[in-house]
Amino acid sequence: MNLEEITKIWHANDEQLLDTVSINKQLLTEVTTKRVQSRLYEIKWTAYFEIVVESFWIIFLEGFLVDHFWEVQYSIPAGFLLLIAIFSMILNGSRLHRFYQLDASKTVLETQRQVEYLRYLELFDNRSLYVIMPLFATPFLIVVAKAFFNFELYSWGDILWNFTIGSFVVAFIIGYLLNRYPSRAIRETLDFLKEIKETNAL
Amino acid sequence: LKAQPSQEDAFTHFLEQHKLLIMKVAGIYCPNPEDRKDLMQDIVLQLWRSFDRFDPNQAASSTWVYRIALNVSISSLRKVKSRQKNSAGYLAAQPILHWENPEPDDQLEQLYQLINRLHPLERALILLHLEGCKNPEIADIMGMSTTNVSTKLYRIKEKLKSWLSPKKKHHES
């Protein structure tokens, strides 16, 4: 088989293929009256759920910050948590915005870049939790203990410091390992994004 | 309701015109005939979803269909598990585009398998080339410059030739 033969084979069965495909008009009518889901990319329902939870969390943190604004031992941890919550909410909002901007009728490279970038953001978001959780564990515990139990975690002194240092070390190790050994899904996503870029920049 | 009777008719007519194209794109990305049916279903659903935004003044209908069919196929290829999950719905049980393959064409299936060895974007390029699209049209569908299309097609052809050569030698001997 050479390239000329390939072209011949490609077109040889056009007539025959055309006869083998028929449209199920009854089903088509049924489908056209219903809302159909896009299969181009599926946004996970967790994105909406996270935004709702983050909204409540931000409202709570704002209230806490106002109540304890002049007590730096509480306002600083609450401020950190508020910043990360706002950042996470912006990231989720950005993902949803990108999702609703997807248009399958745009050029292949543009749409695939958007789809793949969304996939990357989703993977990145999931994995970043492994680092964020230990990193912000201490401020979280300080704020929650004070807000819900009126307990001052600072009274534990050494234990709190050891816990903080330990959680930073854990976050650093996890961050290093995730960066050093990216998952197969992340590698594939980055490879495909690179392929798109290279195809466009030849 | 989104659908007006005239729009349904127009879509049916539109689908009739482009069903071969849909089938060929699906064939390139799904060597397995059963998966191919699911992919064709996905393409038709996405075409319907975008149909009310189709403007014939902005793009030729074939260009528009190629873009959607290729985008759905590449996305499906990169998310096979999800597609299998979605296909469990009632829509997948009864295909809109009913495809009967009376006699499997060995040469065509062999060709699909050969093209299947290419990267997803390369497959799109060679498909458009085999379909007889000119380089400016391919560039318009893909979102690349015409020069890039030429260069890329040349490399793909070289790659295919290199894959075909050992087989040829084998047959000659």
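Predicted model only: the values in this text are computed from it and were never measured.

1. Points about the overall build of chain A
Now for step 1: On a plain count of helices and strands, chain A comes out with 9 helices and 1 strand.
Now for step 2: Each helix (α) and strand (β) of chain A, taken in turn from the N terminus, gives the series α-α-β-α-α-α-α-α-α-α.
Now for step 3: In summary, chain A has a C-alpha radius of gyration of 26 Å against a globular reference of 17 Å for 202 residues, an excess of more than 25%.
Now for step 4: Taken over the C-alpha atoms alone, chain A extends approximately 85 × 45 × 25 Å along its principal axes.
Now for step 5: Taking all 202 residues of chain A together, the buried fraction comes to 40%.
Now for step 6: When contacts within chain A are restricted to residue pairs at least 6 apart in sequence, those whose partners lie at least 24 apart make up 75%.
Now for step 7: With the model as given, the accessible surface of chain A reaches about 12300 Å², and the carbon-plus-sulfur share is 65%.

2. Concerning the pattern of salt bridges
Now for step 1: Counted according to the given criterion, the structure contains 11 salt bridges over all chains.
Now for step 2: Two residues, E188 of chain A and R184 of chain A, come together in a salt bridge whose shortest N-O distance is 3.1 Å. Of this pair, E188 of chain A and R184 of chain A are both found in helix α9 (residues 184-200), 4 residues apart, which corresponds to roughly one turn of the helix.
Now for step 3: A residue is classified by how much of its surface remains accessible, and R184 of chain A, at 61% relative accessible area, is exposed.
Now for step 4: One salt bridge connects D140 of chain B with R67 of chain B, and the closest N-O pair in it is separated by 3.2 Å. Remark: R67 of chain B occurs in helix α3 (residues 61-77) and D140 of chain B occurs in helix α8 (residues 135-142); sequence separation between them is 73 residues.
Now for step 5: Taking relative accessible area as the criterion, R67 of chain B reaches 12% and is therefore assigned buried.

3. Notes on the confidence of the model for chain B
All names here are of chain B.
Now for step 1: Per-residue confidence for chain B gives a mean pLDDT of 80; residues scoring 70 or more make up 78%.
Now for step 2: No element of chain B has a lower mean pLDDT than helix α4 (residues 80-86), which averages 47, and none a higher one than α8, which averages 94.
Now for step 3: Segment residues 81-91 is flagged for pLDDT under 50; beyond a separation of four residues in sequence, or across chains, it makes 18 contacts in the model.

4. Focus on the nonpolar core
Most often, soluble globular proteins keep nonpolar side chains buried together rather than apart.
Now for step 1: Counting residues in hydrophobic clusters, the biggest one holds 78 residues, and the most contacted among them are L15, L47, L70, L128 and M142 of chain B.
Now for step 2: With 11 residues, the single largest contributor to this core is helix α1 (residues 5-29) of chain B.
Now for step 3: Listed in part, the 15 residues of the second largest apolar core include L65, Y74, I142 and V143 of chain A.

5. Concerning a nonpolar patch on the surface
Now for step 1: A surface patch of nonpolar side chains, amounting to about 930 Å² of accessible area, comprises W161, I165, V169, F172, I173, Y176, L177 and Y181 of chain A.
Now for step 2: The class of Y181 of chain A is exposed, set by a relative accessible area of 56%.

6. Remarks on α8 of chain B
Note that an α-helix has 3.6 residues per turn; residues three or four places apart therefore point the same way.
Residue and element names in this part refer to chain B.
Now for step 1: Those residues of α8 that fall on the buried side of the exposure criterion are I138, A139, I141 and M142. Looking down the long axis of α8, one finds its buried residues gathered within 165 degrees of arc, a one-sided arrangement.
Now for step 2: Phi turns positive, to about 85 degrees, at G143, one or two residues after α8.

7. Here we look at helix α6 (residues 108-135) of chain A
Now for step 1: The first and last C-alpha atoms of α6 of chain A sit 40 Å apart over 28 residues, in line with the 40 Å expected at 1.5 Å per residue.
Now for step 2: Maximal helix bending in α6 of chain A amounts to about 30 degrees, located at L129 of chain A.

Here is what the cut-offs are and how they apply
- Every chain begins its residue count from 1, and numbering advances along the sequence as written.
- Both sets of labels track the order of writing: A upward for chains, 1 upward for ligands.
- Selection of residues for local features in this predicted model requires a pLDDT of at least 70, selection of side-chain atom pairs for listing and counting requires 80 or more, and totals for whole chains, interfaces and linings are taken over all residues.
- With hydrogens and water set aside, each side-chain value is computed from the structure's full complement of heavy atoms.
- Strands here are runs of E lasting at least two residues and helices are runs of H or I lasting at least four, both read from the DSSP assignment and numbered beginning at the N terminus.
- Only the C-alpha atoms count toward the radius of gyration. The rule for a globule is 2.2 Å times the residue count to the power 0.38.
- Three exposure classes are used, based on accessible area relative to the maximum for each residue type with a 1.4 Å probe and protein chains only: buried under 20%, partly exposed in between, and exposed over 50%.
- We call two residues contacting when some pair of their heavy atoms lies within 4.5 Å.
- Note on areas: these come from Shrake-Rupley sampling with a 1.4 Å probe, and a residue is covered only by the protein chains present in the view.
- Salt bridges are defined as contacts in which a side-chain nitrogen from Lys or Arg sits within 4 Å of a carboxyl oxygen from Asp or Glu.
- What pLDDT expresses is the predictor's confidence in each residue, scored from 0 to 100.
- Here the nonpolar core consists of buried residues drawn from Ala, Val, Leu, Ile, Met, Phe, Trp, Tyr and Cys, with membership extended through side-chain atoms lying within 4.5 Å.
- Think of a patch as exposed residues, more than 30% relative accessible area, with no salt bridge, where like charges cluster within 9 Å and nonpolar side chains (Val, Leu, Ile, Met, Phe, Trp, Tyr) cluster within 5 Å.
- It is the directions from the helix axis to the C-beta atoms whose arc is reported.
- Each helix should span, by expectation, one fewer than its residue count multiplied by 1.5 Å.
- One fitted axis covers the seven residues ending at a residue, a second covers the seven starting there, and the bend at that residue is the angle between these axes.

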